[in-house]
Amino acid sequence: MIPIQLNWRRRSDGFELKVFQRSDGSAYKVAQPRSTRTDPIFREAINLEDPVALHFVNCNSDVRFIAFLDRFGSLEGEINKSGIDPALPMVRNLSRRGRSRAAVESETQSRRPLNLDELENRRAVLSGNIAMTNPMAKTDPTEKVHYLNKMIDTADAIVWPSFVYSEGSMRFVLKADTLYDFMVMEVAAIHEAGASATSCEHCHRMFLTGPLTGRRSHARYCSDRCRVAAMRVRNAAKED
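A brief look at the structure comes next.

Conventions adopted
- Residues numbered from 1 in each chain as written.
- Predicted model: local features only at pLDDT ≥ 70, side-chain atom pairs only at ≥ 80, totals over all residues.
- Heavy atoms only, no water.
- Salt bridge = Lys/Arg side-chain N within 4 Å of Asp/Glu carboxyl O.
- Helix = DSSP H or I, 4+ residues; strand = E, 2+ residues; numbered from the N terminus.
- Pairing = 2+ DSSP bridges.
- Contact = heavy atoms within 4.5 Å.
- Axes fitted to C-alpha atoms, helices over the stretch in contact; angles between N-to-C directions.

## Comments concerning the pattern of salt bridges
Here is step 1 of the chain: This structure, assessed with the given rule, holds 10 salt bridges.
Here is step 2 of the chain: Close ionic contact of Arg-34 with Glu-16 constitutes a salt bridge, the shortest N to O distance being 3.9 Å. Of the two residues, Arg-34 sits in the loop between β3 (27-33) and β4 (38-45) while Glu-16 sits in strand β2 (residues 15-21), which places them 18 residues apart along the sequence.
Here is step 3 of the chain: Among the salt bridges present, the one from Asp-224 reaches Arg-227, with a minimum N-O distance of 3.7 Å. A residue pair is termed a helical-turn pair when its members lie 3 or 4 positions apart in one helix, as Asp-224 and Arg-227 do in helix α7 (residues 224-239) at 3 residues.
Here is step 4 of the chain: Ionic contacts of the salt-bridge type, sharing partners, join the residues Glu-16, Lys-18 and Arg-34 into one network.

## Re the sheet that holds strand β5 (residues 114-115)
Here is step 1 of the chain: With antiparallel pairing, the 3 strands of this open sheet are ordered in space as β2-β3-β5. At either end of the open sheet lies a strand with only one pairing partner, and these are β2 and β5.
Here is step 2 of the chain: Where β3 and β5 come together, 2 bridges link them in antiparallel fashion. By the bridge assignment, Ala-31 is partnered in β5 with Leu-114.
Here is step 3 of the chain: This element, helix α2 (residues 62-72), spans β2, β3 and β5 of the sheet and lies at about 135° to β2.

Purely spatial values, then, with no claim about function.
Set out below in structure tokens:
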């Protein structure tokens, strides 16, 4: 697996959940940055033991979306295609092609809200493409290639081939432009490595098994914590 790197920023003071009403009376939710302050973060994917993409697809509530944003940062800093009322600052879905990184980064420093419906749409797309790795899915290889290429193309994923020098050696890496690009490349790497996605029998969250994941192909639980918790539930049932 070619290492994937990301130099990114996250909000120093995190996000807060806010609910607003549209002019037609319907409600929508946004994640509002608490401040414009940011901290730099660096991520590198050299295996599939703990992909950021899995943290994202396992966001099954507003609270988990907020926690994800607090920990990893905004996906692009410019997500919003849902038609928020004009009274609110808009986050345009701007193409990054042909624009300087500095121009994009200057926009991400604002306090524009992130629409949770759009985050859910992104989550559903990545979740579906990861789920295709499950052997039970029995996806035709040519169909899988079609969907993966469509995912990368639709995401407009930008990665930069680069050589880096560290610890006395030179490496070839792919540098992702945004956090979402980074996650898209992780999903591609999951398929390329031949790893499989499954659901934990205890917490029902998606996790990976097989090559580069650090788990056996027949693993039933996403962690030792869930394995022990499931064992306690079985023992309690026997005692009853």
